[in-house]
Amino acid sequence: AILMGGDGGVFLGIERPDWALAKPLAARSSVYAVVGDNVSAAAGRVSFVLGLQGPCSSVDTACSSALSALHGGAHAVARRESGFSLGLAVSLKLMPHGTLGAASAGMLSVDGRCKTLDARANGYARSEGVGSVVLGMGDDSLLALLGSLVRQDGRSASLTAPNGSAQRTLLVGALDRASLSAGDVGRVEAHGTGTSLGDPTEAGALVAVHGVSEHSVPLVAGAAKASVGHSEAASGQVGLVRLRQVLEGGASCGNAHLRSLNPLVGERLGSRSVSFVLPTQAVASRLASGVSSFGYSGTIAHAVLSFHLSSLCI
């Protein structure tokens, strides 16, 4: 009742729903199918149930959907289009079609393990996820969103191939919006799907932006996908959850399944100061952290967060 008629916004990261394939053929022409199968209605349903009248949109940018939605919600609050925004994300695997298609394209690991940054990396494992954050102006949160940016790979080797140059521009742009330098960031929750092409490309971008010199405090980079798989549209939310746990605990998680660093990743390191393994010391709490999500559609997103209080809180 308190929310009814308010200007709260709803921004939902969501992918093509499997429900349209899961239901019986006879039900596909039902009047309920019109709103039940469309991602546009998913965010609208949340606003409807809560009675919110602020901005509302469903966002599908593939694997970067959650962070793209978060970015939209943050802008709405910062521009006072809404008093607060819900940044939501969901990914459910109800039917095998998507898995079979990804396997046919050679994207999935044959042993069902996402070995991020490892020499044995051979694709990712699909997983499900759902999550939400509340974005608002205030000082009652422990986690602050300092800046975010959404961009596109543009022309690369193929539609789904990553673009290292575009990723570097994304990281620099997000830092600029957060009014920070590369040395102010102590940890990055990487996209890190565990693919032979994606991991070295992302590592190269991180090293180019954050690996200032051999005398710097190492940036620690890891990926939750190595522990829980790739939840695709919701993966940015999963990254946020792990990042919050790391910041609250004052320590840094290691990378599951990392036994031997991918040689292509190692080549990009040189003497630069980036660590892809469990550090010997906790990341300093004064340092900010980043989260990356890269969609196979080419849309890429990065958010910079801090454990300290700020005007835009999560």
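Read on for a plain summary of the structure.

Conventions we followed
- Residues numbered from 1 in each chain as written.
- Predicted model: local features only at pLDDT ≥ 70, side-chain atom pairs only at ≥ 80, totals over all residues.
- Heavy atoms only, no water.
- Salt bridge = Lys/Arg side-chain N within 4 Å of Asp/Glu carboxyl O.
- Helix = DSSP H or I, 4+ residues; strand = E, 2+ residues; numbered from the N terminus.
- Buried < 20%, exposed > 50% of the residue type's maximum accessible area, 1.4 Å probe, protein only.
- 1 Å grid on protein atoms, 1.4 Å probe; cavity = no way out; pocket = protein on both sides within 12 Å on 5 of 7 lines; lining within 4 Å.
- Points joined across faces, edges and corners; volume = space filled by probe spheres on them.
- Nonpolar A, V, L, I, M, F, W, Y, C, P; charged D, E, K, R; others polar.
- Arc of directions from axis to C-beta.
- Contact = heavy atoms within 4.5 Å.

Summed over all chains, the structure comprises seven salt bridges. Across the salt bridge formed by K93 and E232, the nearest N and O atoms sit 3.0 Å from each other. With K93 in the loop between β3 (84-91) and α5 (97-104) and E232 in the loop between α8 (225-228) and α9 (235-249), the pair connects residues that are 139 residues apart, well separated along the chain. For K93, a relative accessible area of 17% translates into the label buried. You can call E232 buried: its relative accessible area is 7%.

What follows concerns the layout of surface pockets. Reported here for the largest pocket is a volume of approximately 860 Å³. Looking at the lining of the largest pocket, the elements that each hand over two or more residues are β1 (9-14), α2 (33-36), α3 (39-50), β3 and α5. Per element, the largest residue contribution to the lining of the largest pocket is five residues, and it comes from α3. Tallied by class, residues from the lining of the largest pocket come to 23 nonpolar, five polar and eight charged. Put simply, the second largest pocket is a space of about 520 Å³. What lines the second largest pocket is a set of 25 residues, and nearest its centre among them are T160, P162, T193, T195 and G198. Tallying contributions element by element places helix α7 (residues 198-210) first for the lining of the second largest pocket, with three residues.

This paragraph deals with α3. A41, A43 and S47 are the residues of α3 that are buried. One side of α3 carries all its buried residues, which in axial view fall inside an arc of 160°. Exposed residues on α3 whose side chains face more than 90 degrees from its buried face are F48 and V49. Structurally, α3 contributes buried residues whose contacts are with β1, α2 and β2 (56-59). Directly after α3, the chain includes G51, whose backbone phi takes a positive value near 75°.

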